[in-house]
Amino acid sequence: MLAITDQITIQDWELTEQFIRASGPGGQNVNKVATAVELRFEAERSPSLPGPVKTRLRRLAGRRWTKDGALIIQCDETRSQARNREIARERLAELIRKALVAPKKRRPTKPTWGSKQRRLKAKKERGEVKALRGRVDGSD
């Protein structure tokens, strides 16, 4: 069981772990031991996540979201299988926590009358400065 918040926990049946051989450094060990982990979370079928959270999670997951509604997280950072497993679970929990936060609604606003007047006054002054940059009449 993976605890996300006080209210949301992910059951073990929703998570599938598959261990694969990692690329990168590790010497002979990398050819023998499957230390990299591929964590699969069946997000679409999960009863512990509400609908809007699933939608936001899909957007946050990007390419890690499969067509059948699963979220796949891979980790091969360390040479330890147990540590890679922990890191993958932490990443999943963090991604779900981000999806729990609903974005603030944007309320369209209009500029105030005073700000419009200040803007127009500044434009007028700037235009006058530029108008005075014309050629100087040399006849004295």
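Novice: How would you sum up the overall build of the protein? Please name residues and give values.
Specialist: Across its full length, the protein carries 4 helices and 5 strands. Computed over the C-alpha atoms, the radius of gyration of the protein is 29 Å, more than 25% above the 14 Å expected from 2.2 N^0.38 for a compact globule of 140 residues. C-alpha extents for the protein along the principal axes are approximately 95 × 40 × 30 Å. The buried share of the protein, taken over its 140 residues, is 28%. Across the protein, every contact between residues at least 6 apart in sequence was considered, and the portion connecting residues at least 24 apart equals 58%. Per element, the accessible surface of the protein, about 10,700 Å² overall, is 51% carbon and sulfur. When the 33 basic and 17 acidic side-chain charges of the protein are each reduced to a single mean position, those positions are 7 Å apart.

Novice: Tell me about the pairing of strand E5 (residues 71-75), residues and numbers included.
Specialist: Judged by which residues are buried, E5 turns out to be one-sided: Leu71, Ile73 and Cys75 face inward and are buried, whereas Ile72 and Gln74, on the alternate face, are not. Both strand E4 (residues 36-41) and E5 contribute to a ladder of 5 bridges, which runs antiparallel. For Arg40, the partnering residue across the bridge sits in E5 and is Ile72.

Novice: How would you explain the nonpolar core if you had to name every residue and give the values?
Specialist: For soluble globular proteins, nonpolar side chains are generally found buried alongside one another. Phe41, Leu57, Leu71, Leu92 and Ile96 are the most contacted members of the largest nonpolar core, which totals 24 residues. Counting only elements with at least two residues in this core, the list comes to E4, helix H2 (51-61), E5 and helix H3 (81-100). The residues contacting Leu92, other than those within four sequence positions of it, are Leu2, Leu15, Leu39, Phe41, Leu71 and Ile73.

Novice: Which residues make up the pattern of salt bridges, and what values go with them?
Specialist: Counted by the stated rule, this structure contains 11 salt bridges. Measuring nitrogen to oxygen at the nearest pair gives 2.9 Å for the salt bridge that ties Arg40 to Glu42. For Arg91, the salt bridge identified is with Glu77, shortest N-O distance 2.1 Å. With Arg91 in helix H3 and Glu77 in the loop between E5 and H3, this pair connects stretches of sequence that are 14 residues apart. Take Arg91: its relative accessible area is 31%, and that puts it in the partly exposed class.

Novice: Before we move on, can you summarise the packing of H2 against H3 with the specific residues and values?
Specialist: Where H2 contacts H3, the axes come no closer than 8 Å and their chain directions differ by 125°. By the angle between their directions, the pair H2 and H3 is classed as oblique. By crossing handedness, the relation of H2 to H3 is classed as right-handed. Here H2 contributes Val53, Arg56, Leu57, Leu60 and Ala61 to the contact with H3, which in turn contributes Leu95, Ile96, Lys98, Ala99 and Leu100. Residue classes in the contact of H2 with H3 are distributed as 8 nonpolar, no polar and 2 charged.

Novice: I'd like a rundown of the side chain of Lys54, residues and numbers included.
Specialist: Mapped onto the secondary structure, Lys54 falls in helix H2. Not counting residues up to four positions away in its chain, the partners in contact with Lys54 are Ala43, Glu44, Ser46, Leu49 and Trp65.

Novice: Provide a residue-level description of a positive patch on the surface, including the pertinent values.
Specialist: The grouping of Lys110, Lys116, Arg119 and Lys123 at the surface amounts to a positive patch. Its place among the elements puts Lys110 in the loop between H3 and helix H4 (113-131). For Lys110, a relative accessible area of 78% gives the class exposed.

What counts and how
- Residue indices follow the written sequence of each chain, beginning from 1 at its first position.
- For this predicted model, a pLDDT threshold of at least 70 governs which residues receive local features, and a threshold of 80 or more governs which side-chain atom pairs are given and counted, while totals over whole chains, interfaces and linings are taken from all residues.
- Values shown for side chains rest on all heavy atoms present in the structure; no hydrogens or waters enter the calculation.
- Runs of H or I in DSSP of at least four residues are treated as helices and runs of E of at least two as strands, each being numbered from the N terminus.
- As defined in this context, the radius of gyration uses C-alpha atoms, and a globule is described by 2.2 Å times the residue total to the power 0.38.
- Only protein chains enter the calculation, and the probe is 1.4 Å; a residue is then buried if its accessible area is under 20% of its type maximum, exposed if over 50%, and partly exposed in between.
- Pairs of residues are marked as contacts when any of their non-hydrogen atoms sit within 4.5 Å.
- To measure how exposed things are, a 1.4 Å probe is used in the Shrake-Rupley method; for residues, cover is taken only from the protein chains shown.
- A residue counts as positive if it is Lys or Arg and as negative if it is Asp or Glu; His and the chain ends are not included.
- Here the site of a charge means NZ on Lys, CZ on Arg, CG on Asp, or CD on Glu.
- Pairing between two strands requires that DSSP report at least two bridges joining them.
- What is meant by a nonpolar core is a set of buried Ala, Val, Leu, Ile, Met, Phe, Trp, Tyr and Cys residues, joined one to another through side-chain atoms within 4.5 Å.
- By convention in these notes, a salt bridge is any Lys or Arg side-chain nitrogen within 4 Å of a carboxyl oxygen on Asp or Glu.
- Throughout, an axis means a line fitted to C-alpha atoms (over the contacting stretch in the case of helices), and angles, computed between N-to-C directions, take values from 0 to 180 degrees.
- Under this scheme an angle from 65 to 115 degrees is roughly perpendicular, one under 35 degrees roughly parallel, and one over 145 degrees roughly antiparallel; angles in between are oblique.
- The hand of a helix crossing depends on one turn: near helix anticlockwise from the far one by less than a right angle means left-handed, and clockwise means right-handed.
- Put simply, Ala, Val, Leu, Ile, Met, Phe, Trp, Tyr, Cys and Pro go in the nonpolar bin, Asp, Glu, Lys and Arg in the charged bin, and everything else, Gly too, in the polar bin.
- Grouping into patches uses exposed residues only, defined as over 30% relative accessible area, and leaves out salt-bridged ones; the cut-off is 9 Å for like charges and 5 Å for nonpolar side chains (Val, Leu, Ile, Met, Phe, Trp, Tyr).

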